[in-house]
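Okay, here's what each chain looks like letter by letter:
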Amino acid sequence: MKFIIRELTKNDLKPGKGFFRTLANLVETKENIYQRRMKIFKKIKVGRGATIKSMSYQKRLKIFKEIKKGHGIVFIAVSQEKETKGQIIGTVKFIRDRKFARGGALAAHLEDLVTRKGYECQGIAKALWSEFLKRARKLGCYKIILDCPREQVPFYRKLGFHEFEICLRLKP
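Definitions and cut-offs
Residues numbered from 1 in each chain as written. Predicted model: local features only at pLDDT ≥ 70, side-chain atom pairs only at ≥ 80, totals over all residues. Heavy atoms only, no water. Helix = DSSP H or I, 4+ residues; strand = E, 2+ residues; numbered from the N terminus. Buried < 20%, exposed > 50% of the residue type's maximum accessible area, 1.4 Å probe, protein only. Contact = heavy atoms within 4.5 Å. Areas by Shrake-Rupley, 256 points an atom, 1.4 Å probe, with all protein chains shown as cover. Pairing = 2+ DSSP bridges. Axes fitted to C-alpha atoms, helices over the stretch in contact; angles between N-to-C directions. Phe/Tyr/Trp six-rings, centres within 6.5 Å; stacked < 30°, edge-to-face > 60°. Salt bridge = Lys/Arg side-chain N within 4 Å of Asp/Glu carboxyl O.

The next thing to look at is the overall build of the chain. The number of helices and strands found in the chain is five helices and five strands. From first element to last, N terminus to C terminus, the chain shows the α and β order β-α-α-α-β-β-β-α-β-α. Looking at the chain residue by residue over its 172 residues, the buried ones come to 34%. Pairs at least 24 apart in sequence give 59% of the contacts found in the chain among residues at least 6 apart. Here the chain displays about 11,800 Å² of accessible surface, and carbon together with sulfur accounts for 53% of that area.

Spatial ordering of the open sheet is given by S1-S2-S3-S4-S5, a layout of five strands whose pairing is mixed. Where the open sheet ends on each side, the last strands, each with one partner, are strand S1 (3–7) and strand S5 (143–145). The average angle at which neighbouring strand axes cross in this sheet is 25 degrees, direction not considered. Alignment of strand S4 (residues 105–115) against S5, held across three bridges, turns out to be parallel. Of the residues in S5, the one forming a bridge with alanine 108 is isoleucine 144. Packing against the sheet, helix H3 (residues 57–69) makes contact with S1, strand S2 (72–79) and strand S3 (88–99), and its axis sits at approximately 120 degrees to S2. Together, S1, S2, S3, S4 and S5 form the strand contacts of helix H4 (residues 124–139), whose direction differs from that of S3 by roughly 25 degrees.

Let us now look at the packing of aromatic side chains. Within this structure, the stated rule accounts for six aromatic pairs. On the numbers, 4.6 Å between centres and 50 degrees between planes, the contact of phenylalanine 94 with phenylalanine 132 is tilted. Of this pair, phenylalanine 94 sits in strand S3 while phenylalanine 132 sits in helix H4, placing them 38 residues apart in sequence. Side by side, phenylalanine 94 and phenylalanine 132 carry an identical accessibility label, which is buried. Overall, the relative accessible area of 0% leaves phenylalanine 132 in the buried class.

Turning to the pattern of salt bridges, a few remarks are in order. Per the counting criterion, the structure on display carries seven salt bridges. With a closest N to O distance of 2.8 Å, arginine 6 and aspartate 12 form a salt bridge. With relative accessibility at 3%, the residue aspartate 12 sits in the buried group. Put simply, glutamate 163 and arginine 157 hold a salt bridge, and the shortest N to O gap is 2.4 Å. Exposure remark for arginine 157: the relative accessible area of 47% places this residue in the partly exposed category.

A separate point is unusual backbone geometry. One non-glycine residue with positive phi stands out, namely histidine 71, at about 65 degrees. Mapped onto the fold, histidine 71 is located in the loop between H3 and S2. Histidine 71 sits in the partly exposed class, given a relative accessible area of 44%. Of note in this structure, glutamate 165 is not a glycine but carries a positive phi near 55 degrees. Within the secondary structure, glutamate 165 sits in the segment after helix H5 (153–158). Using a relative accessible area of 71% as the deciding quantity, one classes glutamate 165 as exposed.

See the structure below:
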């Protein structure tokens, strides 16, 4: 599988590029049926009654700008294969967090590492992780943290992560 890793641009948010189709693989469900995941994903609320399916390009741009403004970076894997050239087939979000308690040191948060359905086990997630790690090292981050479902722990262990303390969640 031929692909390149680069930063997400606003052009990548346009319909047909595959970014949101790739993100659909993040939906938590016990069933591994892509069509059901898409039905669920399209119903997820994204603020004020909108859904992923109905989110306007302007709303997508607003979210993109907020991520950039908040010192976030979204890396994408873009297919270079003839039949899927230009399609986004993987993504990961890098969030920087400056810590008072560490004298201003940076921590990196790994979010939304996902490969599009049908492109798993082809090295895409590992390549995205490699780009993420390169950026964290370049910025001098002292740690990288993430939270994930239990079934994904073995994958992240292969990347060098270990369980540390606990993550809690509250839905406001």
